[in-house]
Amino acid sequence: MNENNQLTEQQAAELEAIEERFGSYGHLVLGAHDPELTDFQRQHCVNVLQIGHAKFGRELAAQYGEAYPLEALAKRIDHDINQVSGNQ
């Protein structure tokens, strides 16, 4: 990111590419260990994963056990986004 904390055109294009690839924001968690992504893309996916674990980890652990599937986390993130945006 640049000094104003805004994305460069290249970074914006990289984020758009992974969001298109994974199909939804929540499914970015699946890219956290994807060796085909750039470091910037992978770090963005790791950030989404960490935020998702922090926000929904206990809820999902209660439902699935401590080793809950990443797919469940992805769906839970997307559900939360849809509720906030009014697209229930």
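These notes cover the structure that comes with them. Here the structure is a predicted model, which is why all the values come from computation and not from measurement.

## Quick notes on the overall build of the protein chain
Item 1. Helix and strand content of the protein chain: three helices and zero strands.
Item 2. Beginning at the N terminus, the succession of helices and strands in the protein chain can be written as α-α-α.
Item 3. For the protein chain, the C-alpha atoms occupy an extent of roughly 40 × 30 × 25 Å along the three principal directions.
Item 4. Per-residue burial for the protein chain yields a buried fraction of 38% across its 88 residues.
Item 5. Contacts in the protein chain between residues at least 24 apart in sequence constitute 39% of all its contacts with a sequence separation of at least 6.
Item 6. When the accessible area of the protein chain is evaluated, it comes to approximately 6000 Å², of which 48% is carbon and sulfur surface.
Item 7. With 6 positive and 14 negative side-chain charges, the protein chain shows a spacing of 10 Å between the two charge centroids.

## Looking at the packing of helix α1 (residues 9-22) against helix α2 (residues 39-64)
Item 1. Close contact between α1 and α2 brings their axes to 10 Å; oriented N to C, the two are set at 60°. When the interaxial angle is binned, α1 and α2 end up oblique. Crossing of α1 over α2 shows right-handed handedness. Here Gln-11, Glu-14, Leu-15, Ala-17, Ile-18 and Glu-19 of α1 come into contact with α2, specifically with Phe-40, Gln-41, His-44 and Cys-45.
Item 2. Residues of the contact of α1 with α2, tallied by class, amount to five nonpolar, three polar and two charged.

## Some points on the pattern of salt bridges
Item 1. Tallied over the entire structure, the rule returns five salt bridges.
Item 2. Here Glu-36 makes a salt bridge to Arg-21, at a shortest N to O gap of 3.8 Å. With Glu-36 in the loop between α1 and α2 and Arg-21 in helix α1, the pair connects residues that are 15 residues apart, well separated along the chain.
Item 3. With a relative accessible area of 65%, Glu-36 lands in the exposed category.
Item 4. Among the residues examined, Arg-21 registers a relative accessible area of 44% and is labelled partly exposed.
Item 5. Between Arg-42 and Asp-39 there is a salt bridge whose closest N-O contact spans 2.7 Å. One end of the pair is Arg-42 and the other is Asp-39, both in helix α2 and three residues apart, which spans about a single turn.

## Points about the side chain of Arg-76
Item 1. Mapping Arg-76 onto the fold places it in helix α3 (residues 70-85).
Item 2. Look at Arg-76 and you get buried, because its relative accessible area is 17%.

## Digging into the nonpolar core
Item 1. With 19 residues, the main nonpolar core has Ile-18, Leu-28, Val-29, Cys-45, Leu-60, Leu-73 and Ile-77 as its most contacted residues.
Item 2. Among the secondary structure elements, those contributing two or more residues to this core are α1, α2 and α3.
Item 3. Take this core: its biggest share by element is seven residues, from α2.
Item 4. In this structure Val-29 touches Cys-45, Val-48, Leu-49, Leu-70, Leu-73, Ala-74 and Ile-77, once residues within four positions along its chain are discounted.

The rules we used
Each residue is numbered by its place in its chain's sequence as written, counting from 1. Restriction of local features to residues with pLDDT of at least 70 applies here, the model being predicted, together with a cutoff of 80 or more for giving and counting side-chain atom pairs; totals for whole chains, interfaces and linings are based on all residues. The basis for the side-chain values is all heavy atoms of the structure; hydrogens and waters are excluded. We count a stretch as a helix when DSSP gives it H or I for four or more residues in a row; a strand needs E for two or more, and each element gets its number in order from the N terminus. Buried, partly exposed and exposed residues are distinguished by accessible area as a fraction of the type maximum, computed with a 1.4 Å probe on protein chains only: under 20%, between the cut-offs, and over 50%, respectively. Two residues form a contact once any of their heavy atoms are found within 4.5 Å. Exposure was quantified through the Shrake-Rupley algorithm and a 1.4 Å probe, taking into account, for residues, occlusion by the shown protein chains and nothing else. Positive: Lys, Arg. Negative: Asp, Glu. His and the chain ends are not part of the count. Lys charges are placed at NZ, Arg charges at CZ, Asp charges at CG and Glu charges at CD. Here an axis means a line fitted to C-alpha atoms, over the contact stretch when the element is a helix, while the angle between two N-to-C directions is reported on a 0 to 180 degree scale. In this scheme, roughly parallel covers angles under 35 degrees and roughly antiparallel covers those over 145, while 65 to 115 is roughly perpendicular and the rest are oblique. Crossings are classed by handedness, with left-handed meaning an anticlockwise turn of the near helix from the far one by less than a right angle and right-handed meaning a clockwise turn. Side-chain classes are defined by residue name, with Ala, Val, Leu, Ile, Met, Phe, Trp, Tyr, Cys and Pro counting as nonpolar, Asp, Glu, Lys and Arg as charged, and the others, Gly among them, as polar. Only one rule defines a salt bridge in this text: a Lys or Arg side-chain nitrogen within 4 Å of an Asp or Glu carboxyl oxygen. Within this scheme, the nonpolar core is defined by two criteria: the residues are buried Ala, Val, Leu, Ile, Met, Phe, Trp, Tyr or Cys, and they are joined through side-chain atoms within 4.5 Å.

By themselves, these are just geometric observations and shouldn't be taken as functional.
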